[in-house]
Each structure stands twice: as structure tokens, then as C-alpha cells.
Amino acid sequence: MSYHFAIIGTQDNPLFEYEFGTSKQGGDGQARFSEQAHHLNQFVLHSSLDIVEEVQWTNGQLYLKVIDKFFTNYISCFITAGNVKFLLLHQPTATATAPGGGGSSTTTRSSTSVGANPTSPQTEEAIKNFFAEVYDNYVKAVMSPFYRVNMEIRSPVFRQRVAAAGRKYL
Amino acid sequence: MAHLGPGKAASSKEQAGLRYPSNGKTIYHRPLNRTKTAELSQSSFAYLFSEMVTYAQRRVTGIQELEKRLNLQGHPIGLKLLDLLLTREPPRSQTRPLTIIALLHFIKINLWTHLFGRQADRLEKSSDPDAPDEYMIVDNEPLVNAYISVPREMSQLNCAAFVAGIIEGVCDGAMFPARVTAHSVGGKEEGEMWPGKTVFLVKFQPEVLEREALIGKG
Amino acid sequence: MFVTVFALIIINKAGGLIYNRTFHEGGLHKISTNDYLVLAGTFHGVHAITARLNPLKPAATLNRTSTSSSTTTTAATGAGGGAPFARPDPPSGLEVLETENFRMQCFTTLTGIKFLLFTDTTQANVDLTTRRVYDLYTDYVMKNPFYQLEMPVRCDMFDRKLGSYIREINNR
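Parameters at a glance
Residues numbered from 1 in each chain as written. Chains lettered and ligands numbered in written order. Predicted model: local features only at pLDDT ≥ 70, side-chain atom pairs only at ≥ 80, totals over all residues. Helix = DSSP H or I, 4+ residues; strand = E, 2+ residues; numbered from the N terminus. Buried ≥ 20, exposed ≤ 12 C-beta atoms within 10 Å, placed from the backbone. Contact = placed C-beta atoms within 7 Å. Nonpolar A, V, L, I, M, F, W, Y, C, P; charged D, E, K, R; others polar. pLDDT = per-residue confidence, 0-100. Pairing = 2+ DSSP bridges. Axes fitted to C-alpha atoms, helices over the stretch in contact; angles between N-to-C directions. Expected span 1.5 Å × (residues − 1). Arc of directions from axis to C-beta.

J.: Any chance you could break down the overall build of chain B for me, citing the residues and the numbers?
T.: For chain B, the count of helices and strands is five helices and four strands. Put simply, chain B runs from its N terminus to its C terminus through helices and strands in the order α-α-α-β-β-α-β-β-α. Here chain B holds 218 residues, and 33% of them are scored as buried. Counting only contacts in chain B whose residues sit at least 6 apart along the sequence, the fraction spanning at least 24 positions is 61%.

J.: Help me get a handle on the interface of chain A and chain B, residues and values and all.
T.: Contacts between chain A and chain B engage 36 residues on the former and 29 residues on the latter. Residue assignment for the side of chain A that touches chain B shows that the elements contributing at least two residues are strand S2 (14–21), helix H1 (37–47), helix H4 (121–143) and helix H5 (156–169) of chain A. Class assignment of the residues belonging to the side of chain A that touches chain B gives a composition of 17 nonpolar, 10 polar and nine charged.

J.: Please set out the confidence of the model for chain B residue by residue, giving values where relevant.
T.: All names here are of chain B. The share of residues in chain B with pLDDT of 70 or more is 89%, and the mean pLDDT across the chain is 87. Within chain B, helix H5 (residues 206–217) has the poorest average pLDDT of any element, 88, and helix H4 (residues 161–173) the best, 96. Confidence over residues 5–14 falls short of pLDDT 50; this stretch has 10 contacts with residues more than four positions distant or in other chains.

J.: Tell me about the confidence of the model for chain C, and please be specific about residues and values.
T.: Residue and element names in this part refer to chain C. Predicted confidence across chain C gives a mean pLDDT of 82, with 77% of residues reaching 70 or more. The secondary structure element of chain C with the lowest average pLDDT is helix H3 (residues 72–77), at 40, and the one with the highest is strand S2 (residues 17–22), at 94. Low pLDDT, under 50, characterises residues 64–81; the stretch is placed with 25 contacts to residues that sit more than four places away or in other chains.

J.: Tell me about the sheet that holds strand S1 (residues 5–11) of chain C, residues and numbers included.
T.: All names here are of chain C. Taken in spatial order, the five strands make up an open sheet running S2-S1-S5-S4-S3, and their pairing is antiparallel. At either end of the open sheet lies a strand with only one pairing partner, and these are S2 and strand S3 (96–98). Taking the axes of each pair of neighbouring strands and ignoring which way they run, one obtains an average angle of 15° across the sheet. Pairing geometry for S1 and strand S5 (residues 114–119), over six bridges, is antiparallel.

J.: Quick rundown of the sheet that holds strand S4 (residues 73–79) of chain A? Include the residues and the values.
T.: Sheet strands associate in pairs through backbone hydrogen bonding, adopting either a parallel or an antiparallel arrangement. All names here are of chain A. Read across the open sheet, the five strands follow the order S2-S1-S5-S4-S3; overall the sheet is antiparallel. On the outer flanks of this sheet lie S2 and strand S3 (63–70), each paired with one strand and no other. With direction set aside, neighbouring strand axes in the sheet form an average angle of 20°. Here S4 pairs with strand S5 (residues 85–91) via six bridges, running antiparallel. Opposite Ile 79, over in S5, you have Lys 85 as the bridge partner. Packed onto the sheet, H1 meets strand S1 (2–8), S3, S4 and S5 and runs at close to 130° relative to S5.

J.: Report on the interface of chain C and chain B, specifying residues and quantitative values.
T.: Counting residues at the interface gives 11 residues for chain C and 10 residues for chain B. The set of elements that each furnish at least two residues to the side of chain C that touches chain B consists of helix H4 (126–140) and helix H5 (156–170) of chain C. It is H5 of chain C that provides the largest number of residues to the side of chain C that touches chain B, a total of three residues. Partitioning the side of chain C that touches chain B into residue classes produces six nonpolar, one polar and four charged.

J.: Help me get a handle on unusual backbone geometry, residues and values and all.
T.: Despite not being glycine, Met 175 of chain B has its phi angle at roughly 70°, a positive value. Tracing the backbone through its elements, the reader meets Met 175 of chain B in the loop between H4 and strand S3 (178–184). Judged by local crowding, Met 175 of chain B falls into the buried class, with 20 C-beta atoms found within 10 Å. Located in the positive-phi region is Glu 150 of chain C, a residue other than glycine, with phi close to 70°. Relative to the elements of secondary structure, Glu 150 of chain C occurs in the loop between H4 and H5.

J.: Outline H5 of chain A, supporting the account with residue identities and numerical values.
T.: Residues and elements named next belong to chain A. Taking 1.5 Å per residue, 14 residues should reach 20 Å; H5 reaches 20 Å between its end C-alpha atoms and fits that length. Considered for burial, the residues of H5 that qualify are Phe 158, Arg 159, Arg 161, Val 162, Ala 165, Gly 166 and Tyr 169. The buried side chains of H5 occupy one side of the element, clustering within an arc of 160° when seen end-on. On the buried face of H5, the contacting elements are S1, S2 and H4.

Listed below in C-alpha cells is the structure:
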């Protein structure tokens, strides 16, 4: 399972990006995206913003669950009160399109891991917890007197916190 | 979408030019809810606000510009409080305001209680049929004006323009772009009962009403 | 009605009149604005002289028991306050002026602003009243962004709060 997490500002501008892999089921926490996928992922995430804009007015929840799918890439969304979007692209390793990824060896065990089935309630819950923790830290970033809305988040502490949340829940 | 930062893999690498507090505690180490019920001195706020008004007053050409500057000082506070106050809600009622009424209730109750320790006094919709986009939040005694006497030659001014800016920040942040202005109405309607009575006039942009109509249908 | 506050005058530290208000008609004769300015200036001068006539309270009256040599210095430094190491109070100068028909209480702030309260001769607790007037001044004048230091006080809010406070006393 590989993840690409991005925070998108109100002007559809990226504020923060982070790639990681699962730490559950013996995962090493490294993303296994192919070289081209790095760019493709950004594209896929960005294109899902249109759907977010439709869904966000029919559902007042912060966590909008899986809102888009592009081949084997699933996109979960969390939208803050200030209309900043957290997007998480997750790609089950079992059917990884990445040629160089260590997918084949993990096929059997990923069937039981979080995220093997991207739309299962367990996965939804895990991602929800991940988003909730990132949201807490995002609000702290916002409360900094040196931060203004739509500024890129450069804090290394914030990055560490996101990484920790990823390790904890995903 | 552009790449952010040079190293995607080397994530936690320290960035140059960043300074840490000597105890190593950053804003990320502080709990979000600790100051939820904290109080602070009204005097210290009064002196601070007095300096803010004096600062905004420097080299302004008119009262409108002065109110505009006060409004701008409040705007970022509104944007930030929107996120903070929603995270402090219990998880069950943690929903984004989707309608104008929900948003105004959030302002009247949550925002006011957080800032001033009580709810706003009244919420009204403009009775003018030509202005369906106008709503009014009424505060009988704005806390920011508690010690302020506006000189006669500036009688148009209401320093609660700062609070109007905060409201505007909340509305803009929640994707309900609006213009918010503060107007003194004390002494006109209800006599001398509330001499500092202030109406915050919230005028939403046309697209907000359009969307509201669409959501109502669907 | 015997207990009445007649008027209030505020004098800035340069001796200029910055506030003057009459609460009770008939207590004092009306004098012209110019005379008020002269009154303020004159009182300021007299006050300055009285403050210099004997600036420090004699140590002996406060600390009669301090006979041993070690405490003599202590007594001298602690002359003004009750505590032995406290700084002495600044000389207060003229505090009360009394005539057959009125009594004038002067209260000087640490920044040199003088509040002159003219009351009935039988008025009780004038100290408390001047203190409260000072509170109102710090709240509604000093916290007002449109007030410039040392300038005449023109604050609606101060007028209103002061008016209702004094009315309360005069109607008691």
C-alpha cells in the first residue's frame, strides 16, 4: 500500500505534500510508486478536486470518504471548515501498476491489511483517524501568528507529525 | 500542481533559517483545547485595541478608510477562528455550515461566545424585499467599544468595524463571500437603553444566494 | 438633601484645566470659563508650594519604638509607608480645603493629574468617591483611542458614566 497525501488550499493551490507507504503488516513505511507515478499522482489528486466541489455542498461532514477512483488509485478527502482540502491517494499494492514496486511479494498478506480493500469500513476508519490527527496539527499551523491562509506549510515539525500519523494509522 | 520542497523522501530534514524556542516546544506541542475556557483581562485588551485603532488611524484620509483598515485587521482572525472553533466542537456536531442560516448561527453562538463570553443579542434578515442578501447581527453592547467615545467630528465611525472584519473572515473562509459593516444604531430606536447598540450588516455575494437556491432544490 | 457633590475639576500635570463639570446647581456660584482656568492654574501653584514645605513625614511619629541604632536607617527610609522597607509616599501637598459652605478634596494621581471634588461640608466618604471617579477616568478616558494625553477631556462615555455615578450619590 502506498500513499500520496496532499493539502490543497482554497485556490486549488498545493500547501503540503507527503508520500509514504504502509507501516502495518510489516510494511517499511516507504512509498512504492513508480518514477512516472509521482507526477501522475499529482494529476489524479488535482482532477478529483472537481468532485470535491460537488460533494462538499451536499454533505456537511468534514470527512467525505472515498470520493474518486482512477484505475487502482483511490482518493479519500477531508475538507476543513476553512475550505482547505486534505486529499489522500491510496494505491493497494496487490494490484500495483508500479513496475518496480515490491508488490508481488506482499500480495498474500495485503489481503488482510488495512487498505487492502480501499472502501472497507476499517480502511475508512483508519483514514478518518489519520485525517483527524493531521487536522489537529493543521489547525495548530493555522493558529501560528506567522501563518496566513493559503501559505505553504514548511514546518519540519508539521511534516514529522504527518509522518507519525501515517505510521500510526496506515 | 507543483512539487513542494526539494526532497520528497527526506521529509524530516531540518530546514535552514528556522529557529526553535529554547525549550524545544513549538506550537505543535501545545494542546488545542487548553485555552478553551481561559479568560483574559479586559483592560489589557482595551489598551491593545486602543493602540490598534490609533495605529489604523495613522495617515488615513477618511473614516471609510479607517473602518476598512480595522476590518482588515479582523479578517485573518475570522479565517483562523473558523477552523479552531470547529475543531473544538464535539465530533458529532462537527459539521461545516452549508447554509446561510447555519453559518450565521455559528457566528451568533460559537464565535460570539468564544470572543465575548456571551451570544450575540439578535439575528435578523433584512425586511427589505430588494435586499434578500442582507442579514443583520445585533450586539447591544459590543465589547470592543466598551471604553471608546467617538469624537463628534467622526460620528460616522464605529470601531466595531474590527469585529465586522472577523465576521467577514468567517464568512469568506466558509465560502460564503460577504461584505460586513458595523453601524451604530443606539439612541435612535430604543432610546437611551443601549447607546452603543451596533448592527453588523452582512451582505452576501450573489453567488452565495444562487448556490443556496440550488441546494434548497436538490 | 444635605449630602451633595457639587462639582468636579480635573487639572493636568502642567496646571491646565482639562475637565470641569457642575453636578448640583446652587451649590457653588457660576464662574466664567476663564475664571475656571485661573482657578486651576492658581490651585496648581499653591499645591506645588504645599508639597515642598515639608516633603517628608518625620520618622519619629511613625516608628517611635525604633531606639536601637540598627533600625534608625530603616525608620528613615520607611518613613512614608507602614512597612519598614517601603518607599516613602510622594508628598501629597494640599489635600483638603474647607469653607463654611463647601469642602474641596484634592486627589493627585501618580502621573500628576489632580481631581478636585467640591462637596457639601457634611459629605462622607469623599475619599471613596474620588477614588471611584479616578477609576472612571482610567477606564473611559485613558482607554479611549481618541483621547490625547494632557488635552481637554471630551469623552461621551466618561460624561455618561460619571453623571450616573454622581446622580446616585446625590439622590441617596
